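# Breakdown of the fold
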Amino acid sequence: MINRELIRLKIVQLIYAYYQNEGKAVDVALKELDFSMDKGYELYRYMLNFLVEIRNYCVGRDEARRQREARTGAKTDGVNPYGQLANNQFLCQLSDNLMLREYREKVKKDWAEEEVHVKHLAQVFAESDFFVAYLNAGDFSYDADREIVRKLYKTYINGKDDLDGMLEEHSLYWNHDRDVVDSFVMKTIKRFNPDNGAEQALLPQFADNDDRLFAQQLFAQTIKRGEEVRQYIRQHCKNWEFSRLAFMDVVIMQIAMAEILSFPAIPLAVSINEYLNIAKMYSTPRSSAYINGLLDHICKTLREEGKLLKERQSSDK
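Residues numbered from 1 in each chain as written. Predicted model: local features only at pLDDT ≥ 70, side-chain atom pairs only at ≥ 80, totals over all residues. Heavy atoms only, no water.

Let us look at the overall build of the protein chain. Across its full length, the protein chain holds 15 helices and zero strands. Taken along the three principal axes of its C-alpha coordinates, the protein chain extends 85 × 40 × 35 Å. Every one of the 317 residues in the protein chain was classed for burial, and the buried ones make up 46%. Contacts in the protein chain between residues far apart in sequence, at least 24 positions, make up 80% of those at least 6 positions apart. When the accessible area of the protein chain is evaluated, it comes to approximately 16,000 Å², of which 47% is carbon and sulfur surface. Positive and negative side-chain charges in the protein chain, numbering 44 and 49 respectively, have mean positions lying 3 Å apart. (Helix = DSSP H or I, 4+ residues; strand = E, 2+ residues; numbered from the N terminus. Buried < 20%, exposed > 50% of the residue type's maximum accessible area, 1.4 Å probe, protein only. Contact = heavy atoms within 4.5 Å. Areas by Shrake-Rupley, 256 points an atom, 1.4 Å probe, with all protein chains shown as cover. Lys, Arg positive; Asp, Glu negative; His and termini not counted. Charge placed at Lys NZ, Arg CZ, Asp CG, Glu CD.)

Structure (structure tokens):
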């Protein structure tokens, strides 16, 4: 689940913090990197469990409706939206998922603090145009149930600021991971198969051990080659003094060059484009264009000097 896009993002955050906290040991910083990646995977399971909590709220509300109808004799016409959410086949399978149950037992979180958000989103789901159209269509097959949950998540949870405060209370790392994690939650929803029942596998933390090693090596190489890379940047800062560069821009370029010099199998375009995207998120509006030009100029010089071994045809993980 933790792909190289998220790894690069985390390394930018941690390298920035590393230089802001002078005297921090590299081994301590590496432990922080591992901790940060673990927190990213925890957020993935947390967001899946958030859907389970929305269903649990709907189960309770539907049960209250049934008891009220039994007591008063008054029956509600049509399909009850909360009852249909409670009986949604995908959400039922997700609730029974063994890997997610293990997560809940391990963290032993008290979901009471999320009650307001759970209640609000359950209501938003039930009253949304998407869900009303789904109810009116009357197709309550597994595929339809799974697709309506994916659509509701994409529309009302994915990237929405409403949950940021709550997530930040759990972990300061989580808000930085939201975009990537939300995309993997939606990918997980699409991957669910009713034939797998409670044993449906969630996405693993890493596709393979290479990605964890990539994170550790990139972090270490960024520190180890720091002065070498900054010297390249100094030499190619045309019309701009190195000391006047935005510190975040220097960090982004330092990591990008460490990757370019240390991982020849990753295409040059991949390395540069990944860090340009990060610059658009974390630095000034003009930083991306400036970084692109400077990295391109450095790489041309290094290639002419025979110091750049980038292979253009290999693919990134």
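Glancing now at the packing of aromatic side chains. What the rule picks out here adds up to 13 aromatic pairs. Centroid distance Y46 to W174: 4.9 Å. Interplanar angle 55 degrees. Geometry classified as tilted. Of this pair, Y46 sits in helix α2 (residues 26–72) while W174 sits in helix α10 (residues 174–191); the two residues are 128 residues apart in sequence, bridging distant segments of the chain. The residues Y46 and W174 share a single accessibility class, namely buried. Seen from their ring centres, F214 and F263 are 5.0 Å apart, and the 65 degrees between their planes marks the pair as edge-to-face. Note that F214 is positioned in helix α11 (residues 209–224) and F263 in the loop between α13 (247–262) and α14 (268–282), a separation of 49 residues in sequence. There is no split in this pair, since F214 and F263 are both buried. (Phe/Tyr/Trp six-rings, centres within 6.5 Å; stacked < 30°, edge-to-face > 60°.)

Look at α2 against helix α5 (residues 98–107): their axes get within 10 Å of each other, and the N-to-C directions meet at 105 degrees. The angle between α2 and α5 falls in the class roughly perpendicular. Between α2 and α5, the residues in contact are Y41, E42, R45, Y46, L48, N49 and V52 and M99, L100, Y103, R104 and V107, respectively. (Axes fitted to C-alpha atoms, helices over the stretch in contact; angles between N-to-C directions. Parallel < 35°, antiparallel > 145°, perpendicular 65-115°, else oblique.)

The computed volume of the largest pocket comes to approximately 300 Å³. What lines the largest pocket is a set of 16 residues, among which L9, H176, D179, V180 and M281 lie closest to the centre. Going through the elements one at a time, α1 (4–20), α10 and α14 are the ones with two or more residues in the lining of the largest pocket. The class makeup of the residues in the lining of the largest pocket is five nonpolar, four polar and seven charged. (1 Å grid on protein atoms, 1.4 Å probe; cavity = no way out; pocket = protein on both sides within 12 Å on 5 of 7 lines; lining within 4 Å. Points joined across faces, edges and corners; volume = space filled by probe spheres on them. Nonpolar A, V, L, I, M, F, W, Y, C, P; charged D, E, K, R; others polar.)

It is worth spelling out the side chain of R45 at this point. With respect to the helices and strands, the residue R45 is situated in helix α2. An unpaired buried charge is present at R45: no salt bridge exists, and E42, the closest side chain of opposite charge, is 5.7 Å distant. The residues contacting R45, other than those within four sequence positions of it, are L100, Y103 and L202. (Salt bridge = Lys/Arg side-chain N within 4 Å of Asp/Glu carboxyl O.)

Attention now goes to the environment of E114. Note that E114 resides in the loop between α5 and α6 (115–127). C-alpha separation for the pair E114 and L163, spaced 49 residues apart in sequence, amounts to 9.4 Å. The contact partners of E114, leaving out residues within four places of it in the chain, are Y46, F50, M166 and H170.

Here the focus is the nonpolar core. General note: in soluble globular proteins, nonpolar side chains tend to be found buried as a group. In this structure, M1, Y44, M47, L51, I157 and M257 are the most contacted members of the largest nonpolar core, which totals 97 residues. Per-element accounting of this core gives the leading share, 14 residues, to α2. Once you skip the residues sitting within four places of it in the chain, I157 turns out to touch M47, F50, L51, I54, L121, F125, L152, L163, R178 and D182. (Core = buried A, V, L, I, M, F, W, Y, C linked by side-chain atoms within 4.5 Å.)

As enumerated under the stated definition, the model contains 17 salt bridges in all. Linking R4 and D211 is a salt bridge whose minimum nitrogen-to-oxygen distance equals 2.9 Å. Of this pair, R4 sits in helix α1 while D211 sits in helix α11, and the two are 207 residues apart along the sequence. As far as burial versus exposure is concerned, R4 and D211 are alike and both buried. A salt bridge links E227 to R234; the nearest nitrogen and oxygen atoms lie 3.0 Å apart. Residue R234 is classed as partly exposed on the basis of its relative accessible area, which comes to 33%. Residues joined by salt bridges that share partners form a network here, namely D62, R65, R66 and E69.

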